[in-house]
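# Close look at the chain arrangement
As a plain string of letters, each chain reads:
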Amino acid sequence: MLLTRRIVTVATLLTPMLGVASVTSITSGDTLMGNRPMNLIQNGSFEADNGFAANGSFWATGTTLLPNMSLNSWTSTGQSGTYASWGNDGGPTKQGSDLIPDGDNAVYFGGGIMGGVSPNPTYNPDGTVTFASSPVFVPKPTAAPVTLSQTVSGMDTSATYLLDFWTSGEDANFSQFAHDGFFGLDITGESQMYFAAPYGLSGLGLSQRYYILFKPTVNTVTFTWTNWGHYFTPGGLSTELVLDDVILNKVVPEPCSMVALTIGVIGLARRRRVGR
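Residues numbered from 1 in each chain as written. Predicted model: local features only at pLDDT ≥ 70, side-chain atom pairs only at ≥ 80, totals over all residues. Heavy atoms only, no water.

Before going further, it helps to examine the pairing of strand β13 (residues 193-197). The buried fraction of β13 amounts to five of the five residues, a majority that puts the element mostly inside the structure. As paired elements, strand β12 (residues 181-187) and β13 share five bridges and run antiparallel to each other. Residue Gly181 lies in a different strand from β13, and its bridge partner there is Ala197. Hairpin geometry of β12 and β13 is characterised by an intervening segment of five residues between the two adjacent antiparallel strands and by a positive phi of about 90 degrees at Gly189. (Buried < 20%, exposed > 50% of the residue type's maximum accessible area, 1.4 Å probe, protein only. Helix = DSSP H or I, 4+ residues; strand = E, 2+ residues; numbered from the N terminus. Pairing = 2+ DSSP bridges.)

Our next topic: the sheet that holds strand β3 (residues 75-77). Across the sheet, which stays open at both edges, the five strands sit in the order β3-β10-β15-β12-β13 with antiparallel pairing between neighbours. At either margin of the open sheet sits one strand with a lone partner, and together these are β3 and β13. Strand after strand, the sheet turns through a mean of 20 degrees between neighbouring axes, direction not considered. (Axes fitted to C-alpha atoms, helices over the stretch in contact; angles between N-to-C directions.)

For the peptide bond that leads from Leu66 to Pro67, omega is -5 degrees, which places it in the cis range. On the secondary structure map, Pro67 appears in the loop between β2 (31-32) and β3. Not every positive phi belongs to a glycine, and Ser73 is a case in point at roughly 75 degrees. Locating Ser73 in the fold gives a position in the loop between β2 and β3. Assessed through its relative accessible area of 37%, Ser73 is described here as partly exposed. Residue Gln95 is not a glycine yet carries a positive backbone phi of 55 degrees. Along the chain, Gln95 falls in the loop between β4 (85-87) and β5 (106-108). The partly exposed category is assigned to Gln95, whose relative accessible area is 26%.

Let us now look at the nonpolar core. Counting residues in each nonpolar core, the largest one holds 47 residues, and the members touching the most others are Trp59, Leu163, Phe165, Phe223, Trp225 and Leu243. Looking at this core, the elements with two or more residues in it are β10 (146-152), β11 (160-169), β12, β13, β14 (207-214), β15 (221-227) and β18 (241-251). Examining the composition of this core, we find that five residues originate from one element, β13, more than from any other. Residue contacts for Phe223: discarding those within four places in its chain leaves Ile41, Leu148, Ser149, Gln150, Val152, Met155, Leu163, Asp186, Ile187, Phe214 and Leu248. (Core = buried A, V, L, I, M, F, W, Y, C linked by side-chain atoms within 4.5 Å. Contact = heavy atoms within 4.5 Å.)

Put into structure tokens, the structure is as follows:
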């Protein structure tokens, strides 16, 4: 099935921040905007544990499932039955996701089936998810919520930063689930943001990259991804998050310099064709 994708223009992506994180994205999930060699996130592609952890190890602190591990450079939280795992499927996917974009490994946020969410989420074409009022989540208490965090120190409050990360969903490659899932992202000093985890047949296709440009309000910033689990939509059960290729770059604050830097240094690297 060939999936039609749209790409956000560079001019739109590089709109400067005014003290509040602003989110834009491309719907194709195929364009790398971050610069991996200049990444301020450590172990952003989850490769540092190769040779030290067994493939399929469970990474959320608090899980009783074995084998477990601590992801290098990351901190996590989970529950006794959290089944969030690291590694691959013996090939370039994780938990039936789209192809892993960088390296051999990704992380899956397995958190069980939620009791519900209120109000219901609204899925926007760009992959952002919104709620009519502050949402209340009812996760499965033995399995979720699941969080993964990293703190970056020495950030420049006068500069703009680009956070670029790749997402897919559990069994997106097989269309096993009936709907996109959703997850939260917290950045210190900003309101919680919500995004779709692609299930394979929505407009997002098999995977989606998200881009956030922001000016930090403090010098030490923590980035936290949260999954509350699968939930029942009117059409069936949603998928859960698979995460990889988390990149944080400092960008020159002036818009004209940002355009030059992004095109000349970060670049618009084509990743691969989409289809199956």
